[in-house]
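This is what each chain is made of:
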Amino acid sequence: MDMKDIKQLSVNAIHNGTVIDHIPAQNLFKVISILGLDKIGSKITFGTNLESKRMGKKAIIKIADKFFEKDEINRIAMVAPLAKLNIIREYEVVDKMLVEVPDGISGIVKCMNPKCITNNEKVTPRFKVVDKKNVSLKCHYCEKITDQEHMEYL
Amino acid sequence: MKNKSLVSIDDLSKEEIFRVLDLAEGFEKNPNQRILVGKVVATLFYEPSTRTRLSFESAVNRLGGRVIGFSEASSTSVSKGESLKDTIMTVANYSDLIVMRHPIEGSARYASEVSKVPIINAGDGANQHPTQTLLDLYSIRKTQGKLDNLKIVMVGDLKYGRTVHSLLMAMSQFNASFTFISPKELQMPLEYKMYLDSIGLKYNETSELADNIKDADIIYMTRVQRERFSDPLEYEKVKNVYVLRNEMLKETKPNMKVLHPLPRVNEIHTDVDDNPQAYYFPQALNGVFTRMAIMAIILGLK
Ligand SMILES: [Zn+2]
């Protein structure tokens, strides 16, 4: 563990759990809701509007006694593509994970086409990720593209 | 394709497309095969499209099947606010196959996911209309003797015209080259041109009709609709520019045929109708054979 990690994690050090770093500050609550953190019993602390050279204002979430599966964490790729996870055991970072943009997503983003069935009936939006770098999504239903600029979250 | 829905032309492989066309040819030779006796086909038309509905119903009737359904949503439980899911789940109990036209995009894909019987998409908003594409392919193959290496000229509303988009995607599998002729406001969307670039197919884009049709194998005409223009003056300027007249066809290739998904308004002058190169009415008839073939395959009867 280098000095930076120690400084950062000691603010509210957790014994065991996960620290999610490099979340765009404006998407903090989206990350919380996508991961369902508002519904779990774990002890959670977060900081937001922290300075970041790489991304302007960032947010960080620390979740005690919670470890994520790869599929689970990739769900936040649309809102926090640069997020980095530190897996903590016994106060030490034992592993790091990066978010990967998945091949498909469901139930996170709205289709930008107002004439799409997903915006007219109770149908869960589903997309194929057609561009992983710029994150652009092709609707499984209306086949229209929703790009990052037009992404709205459910 | 057996027991599967037909939602999008992209759902079909090249082999499946050929299977539909070959079978349609058989139905053209012998249209009265009573293979649908005892079958019920529901035609659910949430928006009127008389031509498409009659074509499907004619196909079912000629094959000895029965038709139930509605031709507009206003007279049904739909107008009382029933969800698409509930309507489909109910009608699937009454029928062996559902043909649906709906103004909402993606409705056919969704219907295919909730229905226990196959769905044929007869148009979902601006999205897909695969049976139209198949009948266009049938008409092209029949008149040209092949699908490969043809020169396709598309005219009119290339921006919103879903038929030209689907036809472009389908013909791009057969090494076609394209000319797009439209007013500036209604040009072929960038994504389709980028797609052609990415697979190395050639296309020209122009706003001039008369000089750009001489080397065409197929001229595919579409309607330029007033409601597509934000500025009504723009519409007035172009509405008579994209009209095909008989005199323009003088120097075209003898094998060339003029296609149109119909209904036409004025974009093909009636003086073209008697020219043997006019093919839009036979094209509509081909729709019946093509739909016979699609239903027969999906119901596992051929
Ligand atoms: Zn959509």
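Procedures and definitions
Residues numbered from 1 in each chain as written. Chains lettered and ligands numbered in written order. Predicted model: local features only at pLDDT ≥ 70, side-chain atom pairs only at ≥ 80, totals over all residues. Heavy atoms only, no water. Helix = DSSP H or I, 4+ residues; strand = E, 2+ residues; numbered from the N terminus. Rg over C-alpha atoms; globule rule 2.2 N^0.38 Å. Buried < 20%, exposed > 50% of the residue type's maximum accessible area, 1.4 Å probe, protein only. Areas by Shrake-Rupley, 256 points an atom, 1.4 Å probe, with all protein chains shown as cover. Contact = heavy atoms within 4.5 Å. Donors = N, O, S within 2.8 Å, 3.2 Å for Na, K, Ca; no water. Tetrahedral: all angles 85-135°; square planar, octahedral: opposite > 155°, others 65-115°. Domains from an automatic or database assignment. Buried area = accessible area lost by both parts, 1.4 Å probe. Salt bridge = Lys/Arg side-chain N within 4 Å of Asp/Glu carboxyl O. Polar contact = N/O pair within 3.5 Å; in protein donor to acceptor, adjacent residues only side chain to side chain. Nonpolar A, V, L, I, M, F, W, Y, C, P; charged D, E, K, R; others polar. Pairing = 2+ DSSP bridges.

Along its length, chain B carries 9 helices and 9 strands. The C-alpha atoms of chain B give 19 Å as radius of gyration, which agrees with the globular expectation for 302 residues (19 Å, within 12%). Overall size of chain B, expressed as C-alpha extent along the three principal axes, is 55 × 45 × 40 Å. Residue burial in chain B is summarised as follows: out of 302 residues, 55% are buried. Working note: accessible area of chain B is about 12,800 Å², and carbon and sulfur atoms make up 47% of it.

Within chain A one finds 3 helices and 11 strands. Going from N to C terminus, chain A has its helices and strands arranged as α-β-α-β-β-α-β-β-β-β-β-β-β-β. Compactness check: chain A gives a C-alpha radius of gyration of 17 Å against a globular reference of 15 Å for 154 residues, within 12% of the reference. Structurally, chain A occupies a C-alpha span of about 50 × 35 × 25 Å along its principal axes. Expressed as a percentage of its 154 residues, the buried residues of chain A come to 45%.

Here we take up the environment of His165(B). Residue and element names in this part refer to chain B. By the element assignment, His 165 lies in helix H6 (residues 162-171). Given the relative accessible area of 10%, His 165 is considered buried. On a C-alpha basis, the gap between His 165 and Met 154 in space is 10.0 Å, while along the polypeptide they are 11 residues apart. His 165 has contacts with Leu 158, Lys 159, Tyr 160, Met 188, Pro 189 and Tyr 192, leaving out every residue within four places of it along the chain.

Now for the coordination of the zinc ion. Residues and elements named next belong to chain A. Bound to the zinc ion on the protein side are Cys 111 (SG), Cys 116 (SG), Cys 139 (SG) and Cys 142 (SG), at distances that span 2.3 to 2.4 Å. Geometry at the zinc ion is tetrahedral, judged from its 4 donor atoms and the angles of 99 to 118° they form at the metal. Read N to C, the donor residues that coordinate the zinc ion are spaced as C-x4-C-x22-C-x2-C. With a gap of 23 residues between them, Cys 116 in the loop between strand S7 (109-110) and strand S8 (126-131) and Cys 139 in strand S9 (residues 136-139) connect regions that are remote in the sequence. Exposure remark for Cys 139: the relative accessible area of 2% places this residue in the buried category.

Residue and element names in this part refer to chain A. Segmentation of chain A into domains returns domain 1 (3-98) and domain 2 (104-153). Each of domain 1 and domain 2 has a C-alpha centre, and these two points are 26 Å apart. Carbon and sulfur atoms supply 75% of the area that domain 1 and domain 2 bury against each other, a total of about 610 Å² over both sides. Per-residue buried area on domain 1 facing domain 2 is highest for Lys 30, Arg 75 and Met 78; these three make up 76% of the total on that side. There are 0 salt bridges connecting domain 1 and domain 2. Counting across the interface, domain 1 meets domain 2 through 1 residue pair in polar contact (both at pLDDT 80 or more). Taken together, the residues of the side of domain 1 that touches domain 2 sort by class into 3 nonpolar, no polar and 2 charged.

Turning our attention to the pairing of strand S1 (residues 17-24) of chain A. Residues and elements named next belong to chain A. Of all 8 residues in S1, 8 are buried; the element is thus mostly enclosed. Two strands pair when backbone bridges link them, and S1 and strand S3 (residues 56-64) are joined in this way by 6 bridges, in the antiparallel orientation. Bridge pairing in S3 links Ile 23 to Ala 59. Two elements, S1 and strand S4 (residues 84-89), share 5 bridges in a ladder whose sense is antiparallel. Note that in S4 the partner of Thr 18 across the bridge is Ile 87.

Moving on, we come to the interface of chain A and chain B. At the interface, 14 residues of chain A touch 16 residues of chain B. Contact between chain A and chain B buries roughly 1,200 Å² in total, counting both sides, with carbon and sulfur atoms accounting for 45%. Contact with chain B buries area across many residues of chain A, yet Lys115(A), Tyr141(A) and Glu143(A) alone supply 42% of it, more than any other trio. The tally of links between chain A and chain B comes to 2 salt bridges. We note a salt bridge from Arg126(A) to Glu113(B), for which the minimum N-O separation is 3.4 Å. Joining chain A to chain B, the criterion identifies 8 residue pairs in polar contact (both at pLDDT 80 or more). A class-by-class count of the residues in the side of chain A that touches chain B yields 5 nonpolar, 3 polar and 6 charged.

This part is about the pattern of salt bridges. Going through the model one piece at a time under the given rule, you end up with 22 salt bridges over all chains. In this structure, the salt-bridge partner of Glu105(B) is Lys144(A), at a minimum N-O distance of 3.7 Å. Taken together, the residues span two chains, with Glu105(B) in the loop between strand S3 (97-102) and helix H4 (107-114) and Lys144(A) in the loop between S9 and strand S10 (145-146). In this structure Glu105(B) comes out as buried when scored by relative accessible area, which is 3%. Lys237(B) is the salt-bridge partner of Glu234(B), the closest N and O atoms lying 3.0 Å from each other. Here Glu234(B) and its partner Lys237(B) are both found in helix H8 (residues 232-238), 3 residues apart, which amounts to about one turn of the helix.

Each neighbour pair has its own omega, and for Leu262(B) with Pro263(B) the value is 5°, a cis peptide bond. Mapped onto the fold, Pro263(B) is located in the loop between strand S9 (257-259) and helix H9 (280-298). Although it is not a glycine, Asp65(A) sits at a positive phi angle of roughly 55°. Checked against the element boundaries, Asp65(A) lands in the loop between S3 and helix H3 (70-74). Positioned with a positive phi, Asn175(B) is a non-glycine residue whose angle comes to about 55°. Relative to the assigned elements, Asn175(B) resides in the loop between H6 and strand S6 (177-181). With a relative accessible area of 44%, Asn175(B) lands in the partly exposed category.

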